[in-house]
Amino acid sequence: MEVARTLASLRRARLSLPAPVGAVLTMGALHDGHRSLLARARGECASVVASVFVNPTQFGPAEDFERYPRDETGDLAALESAHVDLAFLPLVEEIYPHGSATTVDVGPIAQPLEGAARPGHFRGVATVVTVLLNLIGPERTYFGQKDAQQTLVVRRLVDDLGMPVQVVVCPTVREADGLALSSRNRRLSPAERAATTVLFRALEEARALVEAGERDAEAVRQRMRAVVASEPLARPEYVSAADAHTLRELEVVAGEVLLSLAARFGDTRLIDNIPLTVR
Ligand code: AMP
């Protein structure tokens, strides 16, 4: 595996990679969710490029950029064992050189849910994804359903900016008790970790309600609220039953639906979702 830390070394190493190239963009502290993306890319592409970059512009001033888990040694070992060809670990100054001023704003899809809870978050995400995809120049790029709104933001910018890359969305990898894997899970205390199972339980109860015939979207959101509220260590932020493509809140549950929620456990903020097709 080659390791590039500068744009110049990335470009040099990229030249000799056979197509199709698959790119997996991460913020590191790699876990089995990341590994599933790397394995899918490895299976489908002649070359795999992975980036590890904790992107400062997608964190708000009061958010956890400084405290975000970092583990470069573990990450390099994980990328090596996933048979990545090229690892890109740039410094912030490489991605945002002096004078860098251009940002990418994808419009309405970035407004609700995570966009409302984290002002500016998706401008940072869309900008860094655009920069990284332009630098790496992959034919395919792999994203996790875990960050459902992010996948819609990335599809939007790739289409709107005419980027010649196929976006592949991979299923959410979970712990045995349902908790979606996340780098932030490392920071949970044992009591908080036990409490986090409420997220998947809320989604599953909502799904069961829909499967039992409930079509009133507010009743579905109410059920998720009630389940999250039953856990004293959870501080709920939002619950949503939305159109899976536009993320507009539904009145009637029908078609392709995204059930999603966000809550805090101590100072760790977690999100989760499940997509549903309702005929
Ligand atoms: P992150 O390092 O959190 O920015 O995530 C990098 C990529 O891995 C994103 O496309 C995420 O959606 C994806 N990812 C993170 N957690 C999971 C998970 N539990 N299952 C599947 N993909 C994930």
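To be clear, the structure that these remarks concern was listed above.
Every residue gets a number counted from 1 within its own chain, in the order that chain's sequence is written. Only residues with pLDDT of at least 70 get local features here, since the model is predicted, and only at 80 or more are side-chain atom pairs given and counted; chain-wide, interface and lining totals rely on the full set of residues. Side-chain metrics rest on all non-hydrogen atoms present in the structure, leaving aside hydrogens and water.

A. Region of the structure containing the pairing of strand S2 (residues 21–26). Within S2, six of the six residues are buried, which leaves it mostly tucked inside the rest of the structure. Across the two faces of S2 the burial is the same, with Val 21, Ala 23 and Leu 25 and Gly 22, Val 24 and Thr 26 all buried. Note: two strands are recorded as paired if DSSP finds a minimum of 2 bridges between them. Helical segments are the DSSP runs of H or I of at least four residues, strand segments are the runs of E of at least two, and each set is numbered from the N terminus. By the bridge criterion, six bridges tie S2 to strand S3 (residues 47–52) in an arrangement that is parallel. Its bridge partner lying in S3, Gly 22 is registered against Val 48. Strand direction decides the pairing type here: S2 and strand S5 (residues 140–144), joined by three bridges, are parallel. Within S5, the position partnered with Ala 23 by the bridge is Thr 141. Throughout this description, buried means an accessible area under 20% of the type-specific maximum (1.4 Å probe, protein chains only), exposed means over 50%, and partly exposed covers the range between.

B. Highlighting the site of the ligand. Nearness here has a simple test: a residue counts as near a molecule or strand if at least one of its heavy atoms is within 4 Å of that partner. Around the ligand sit 17 residues in total, of which Met 27, His 34, Asp 147, Val 173 and Leu 181 are the nearest. Polar contacts, as used here, are pairs of N or O atoms within 3.5 Å; protein pairs need one atom able to donate a hydrogen and one able to accept it. Residues neighboring in sequence count only if both atoms are side-chain atoms. Between Asp 147 and the ligand, the recorded distance is 2.7 Å, taken from a side-chain N or O atom to an oxygen atom. Notes on the ligand: free accessible area 480 Å², of which the protein chains cover 93%. Among the secondary structure elements, those contributing two or more residues to the shell around the ligand are S2, helix H2 (32–44) and S5. Ranked by residues supplied to the shell around the ligand, first place goes to H2 with three residues. Only the protein chains shown count as cover for residues, and the accessible areas themselves come from Shrake-Rupley with a 1.4 Å probe.

C. Layout of helix H3 (residues 72–81). Every buried residue of H3 is accounted for by Asp 75, Leu 76, Ala 78 and Leu 79. Here the buried residues of H3 occupy an arc of 160° about the axis, which is enough to place them on one side. When the buried face of H3 is taken as reference, the exposed residues oriented beyond 90 degrees from it are Thr 73 and Ser 81. Residue contacts are counted whenever heavy atoms from the two residues lie within 4.5 Å of one another. Its buried side turned inward, H3 meets strand S1 (2–4), H2, S3 and strand S4 (86–88). Once H3 finishes, His 83 follows within two positions and takes phi at roughly 60°, a positive value. By construction, the arc corresponds to the directions joining the helix axis to the C-beta atoms.

D. Examining the pairing of S3 more closely. Extensive coverage of S3 is indicated by the burial of six of its six residues. In S3, alternate side chains face the same way, and those of Ser 47, Val 49 and Ser 51 on one face and Val 48, Ala 50 and Val 52 on the other are all buried. Here the term right-handed applies to a crossover when the path leading from its first strand over the helix to its second strand runs clockwise, the strands being oriented away from the viewer. Following the chain from S2 across H2 to the adjacent parallel S3, one finds a crossover that is right-handed. Here three bridges tie S3 to S4, and the two strands are oriented parallel to one another. Looking at S4, one finds that Ser 51 is bridged to Phe 88. Handedness of the S3-H3-S4 crossover: right-handed.

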